[in-house]
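Secondary and tertiary structure notes
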Amino acid sequence: MKIHKLLFWLLIALMTQTLITACTDDDSFSASSSNLLTFETDTVKLDTTFSKVPTATKSFWVYNHSGDGIRCLNVRLENGNQTGFRVNVDGVYLGQASGYQVQDVEIRKNDSIRVFVELTSVMQQTDKPQKVEDNLVFTLESGVQQKVNLNAFSWDAEFLQDVVVHGDSTIQSTKPIAVYGNLTVDTLATLTIGEGTTLYFHNNAGINVYGRLLCKGTAENNVVLRGDRIDRMFDYLPYDRVSGQWQGIHIYGSSYDNLIEYTDIHSPYSGIECDSADVTKMKLRLVNSTIHNCQGFGFEGRNCKLEILNCQISNTLANCASFVGGDILINNSTFAQFYPFDGERGPALYFDNYYPLKNLTCLNSLITGYADDVLMGSNRNVKDSGTEKEFNYLFDHCVIRTPKVVTDDSIYFKNVIYEDVEDTTRGSWKHFVKIDTDNLVYDFRLDSISTAIGKADPKTALPTDRNALPRDEEPDAGAYEYVKK
């Protein structure tokens, strides 16, 4: 029993000695100039941001591998409050009250602290992005100064917040225009968005059209409608390539005679939604435009009159294009379903007659995607007052990735090339210049091996393509005319 007690007290003594030694080591601080901090990075880049808009937070670690504890007399922003950087050092905020510095920061040997960095930059008074930078200065007890560079590019933007357009108005600017909340076009108003204008929509923002919308881009200067995240999710991936960044365009039942031409709409929730209306009146002409990378529908038309000419509608979680009833003309367009974020993606083109489908004419178009069948039509066969609802459609001189289930003289499919799903050398993604699913980069212009080359009807093909390039005597199906390199 006495032996056990003696061993117990010896063990306690050893543990106490160990703790004392450990504490002594940990509390040993050196003012030697040879003892330096180690930084996870020497530069913190915050990408590009709009002036006056807070950036996302980035962080980095500061390590002490010197063998002794190191005291920092202070950690400070070299330019104080002049640049708009905000820093938190190991839980202490560098702000106005602290003079943009924190004092007496201790980092024990083999320990570390974490530093968080944000920026809300001032206006730069120029149309181009300007570099904004500052240094975070660590002044050690030895007098040595170590610095980490903080930088970003700041871009002055015009801001629109919950704007309602009551009269005829034009938005045109070479500066970026950031939209928060909805941009609403009232019933009796026309909103024109001029060539070369880019609208950057916040995540809850979109365009609601009760009156009339005219997007009047040109081949040289498209109108661009996109999300407002101009930074990166990862080093290789800008947020601009991620779907669902903003809400898209909603055209309500009261709206007619809309025109969207030479316009690039990308990364919204749904690109364009058109509500049910009088099918004898033109709802929307979508011309020489792109809808790409949507978390919902690309284009959804419900019981309305539409024209879609020389357009690319691609990569959507729901249907790239969906037509429920109505009167629709499509010519020289590309519907490409290669949505990368979900295997349960919808077809490239869908149509049905929940409302009477008075006409769906699709000419000289390319309809393809990952699935073996990307064209879906549904005759709901719903009887209205004792008569079946109309279900009239025609695909002529199209290349379609769908099984051949009709004869060549079908009244619904004429001069159609049915893409051979067994032939992996030319169809699906092989039609196009680039399908890069790793970096989410897509170029839906035709590659030299595409079966869409020369398959359009010279009599009905449009004279120029999506990019205003002339079509030759044997025009190509889809939105883009193949150009030899």
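No experiment lies behind these values; they were computed from the predicted model shown.

Rules used in this analysis
Residues numbered from 1 in each chain as written. Predicted model: local features only at pLDDT ≥ 70, side-chain atom pairs only at ≥ 80, totals over all residues. Heavy atoms only, no water. Helix = DSSP H or I, 4+ residues; strand = E, 2+ residues; numbered from the N terminus. Rg over C-alpha atoms; globule rule 2.2 N^0.38 Å. Buried < 20%, exposed > 50% of the residue type's maximum accessible area, 1.4 Å probe, protein only. Areas by Shrake-Rupley, 256 points an atom, 1.4 Å probe, with all protein chains shown as cover. Lys, Arg positive; Asp, Glu negative; His and termini not counted. Charge placed at Lys NZ, Arg CZ, Asp CG, Glu CD. Pairing = 2+ DSSP bridges. Core = buried A, V, L, I, M, F, W, Y, C linked by side-chain atoms within 4.5 Å. pLDDT = per-residue confidence, 0-100. Contact = heavy atoms within 4.5 Å. Patch = residues over 30% accessible without salt bridge, like charges linked within 9 Å, V, L, I, M, F, W, Y side chains within 5 Å. Salt bridge = Lys/Arg side-chain N within 4 Å of Asp/Glu carboxyl O. Polar contact = N/O pair within 3.5 Å; in protein donor to acceptor, adjacent residues only side chain to side chain. Axes fitted to C-alpha atoms, helices over the stretch in contact; angles between N-to-C directions. Phe/Tyr/Trp six-rings, centres within 6.5 Å; stacked < 30°, edge-to-face > 60°. Lys NZ or Arg CZ within 6 Å of the ring centre and 35° of its normal.

Remarks on the overall build of the protein
Each helix and strand counted, the protein has 1 helix and 44 strands in total. In terms of overall size, the protein is more extended than a compact globule, its C-alpha atoms giving a radius of gyration of 31 Å where 485 residues would be expected to give roughly 23 Å. Across its three principal directions, the C-alpha atoms of the protein cover 105 × 65 × 55 Å. Here the protein holds 485 residues, and 50% of them are scored as buried. If you sum the accessible surface of the protein, you get close to 22,600 Å²; carbon and sulfur atoms cover 49% of it. Taking the average location of the 44 positive side-chain charges in the protein and that of its 63 negative ones, the two points are 1 Å from each other.

Things to note about the pairing of strand β24 (residues 258-261)
The sheet contact formed by strand β19 (residues 212-216) and β24 spans 3 bridges and is parallel. From the neighbouring strand, Leu 214 faces β24, where its bridge partner is Leu 259. Pairing geometry for β24 and strand β27 (residues 282-287), over 4 bridges, is parallel. Its bridge partner being in β27, Asn 258 is matched across the sheet by Leu 284.

Here's the deal with the nonpolar core
Ranked by internal contacts, the top residues of the largest apolar core, which has 58 residues, are Leu 225, Ile 249, Ile 272, Phe 299, Phe 323, Phe 351 and Phe 395. Ranked by residue count, the leading element in this core is strand β34 (residues 349-363), at 5 residues. Ranked by size, the runner-up nonpolar core spans 29 residues in total, among them Val 44, Leu 77, Val 148 and Leu 150.

Overview of the confidence of the model for the protein
Taken over all residues, the pLDDT of the protein has a mean of 92, while the share at 70 or more is 92%. Every residue in residues 20-25 scores below 50 in pLDDT, and together they form 1 contact with partners more than four places removed in sequence or on other chains.

A look at a nonpolar patch on the surface
Taken together, the side chains of Met 233, Phe 234 and Tyr 236 make up a nonpolar region of the molecular surface, amounting to roughly 300 Å² of accessible area. Mapped onto the secondary structure, Met 233 falls in strand β21 (residues 232-234). The class of Met 233 is partly exposed, set by a relative accessible area of 34%.

Some points on the environment of Arg 401
In this fold, Arg 401 is placed in the loop between β40 (399-400) and β41 (413-414). Arg 401 sits in the buried class, given a relative accessible area of 6%. A C-alpha to C-alpha distance of 6.0 Å links Arg 401 and Val 374, two positions 27 residues apart in sequence. One polar contact links Arg 401 to Glu 419, side chain to side chain, over a distance of 2.6 Å.

Side note on unusual backbone geometry
For Asn 110, which is not a glycine, the phi torsion comes out positive at approximately 60°. Inspection of the secondary structure puts Asn 110 in the loop between β7 (101-107) and β8 (112-119). For Asn 110, a relative accessible area of 62% gives the class exposed. Positive phi, normally seen in glycine, also occurs at Asn 415, with a value near 55°. Along the polypeptide, Asn 415 turns up in the loop between β41 and β42 (417-418).

Focus on the sheet that holds strand β2 (residues 43-50)
With mixed pairing, the 5 strands of this open sheet are ordered in space as β2-β10-β9-β4-β7. Since the sheet does not close on itself, it has two edges, and those belong to β2 and β7, each with one partner. On average, each strand axis in the sheet is inclined to that of its neighbour by 20°, with strand direction left out of account. Strand direction decides the pairing type here: strand β9 (residues 130-140) and strand β10 (residues 145-155), joined by 10 bridges, are antiparallel. Considered in β10, the bridge of Glu 133 is made with Asn 151.

Notes on the packing of aromatic side chains
Applying the stated criterion across every chain, the model contains 26 aromatic pairs. Seen from their ring centres, Phe 413 and Tyr 418 are 6.3 Å apart, and the 45° between their planes marks the pair as tilted. With respect to class, Phe 413 is no different from Tyr 418; both count as buried. Members of the aromatic cluster, connected to one another through ring pairs, are Phe 351, Phe 391, Tyr 393, Phe 395, Tyr 412, Phe 413 and Tyr 418. Above the face of the Tyr 256 ring, Lys 283 is positioned so that its terminal group lies 5.3 Å from the ring centre.

Some words on the environment of Phe 323
Within the fold, Phe 323 resides in strand β32 (residues 321-331). Since its relative accessible area comes to 0%, Phe 323 is described here as buried. If we ignore the near neighbours within four places in the chain, the residues touching Phe 323 are Phe 299, Gly 301, Leu 306, Ile 308, Ile 328, Ile 330, Leu 349, Tyr 350, Phe 351, Asp 352 and Leu 360.

Structural notes on the sheet that holds strand β28 (residues 290-294)
The strands making up a sheet associate through backbone hydrogen bonding, with each pair oriented either parallel or antiparallel. Here we have 11 strands laid out as an open sheet, ordered β11-β14-β17-β20-β25-β28-β31-β33-β35-β40-β42, and parallel in their pairing. The open sheet terminates on both sides in strands that have one partner only, identified here as β11 (158-161) and β42. Judged from the 4 bridges that link them, strand β17 (residues 198-201) and strand β20 (residues 223-227) form a sheet pairing that is parallel. Bridging from a neighbouring strand, Tyr 200 pairs with Arg 226 of β20.

A closer look at the pattern of salt bridges
For the structure shown, the criterion picks out 16 salt bridges. One salt bridge connects Glu 78 with Lys 147, and the closest N-O pair in it is separated by 2.8 Å. Pair noted here: Glu 78 is in the loop between β4 (70-77) and β5 (85-89) and Lys 147 is in strand β10, with a separation of 69 residues, a long-range link. Taking the shortest distance from any N to any O, the salt bridge between Arg 226 and Asp 240 comes out at 3.5 Å. Of the two residues, Arg 226 sits in strand β20 while Asp 240 sits in the loop between β22 (237-238) and β23 (249-251), which places them 14 residues apart along the sequence. With a relative accessible area of 22%, Asp 240 lands in the partly exposed category.

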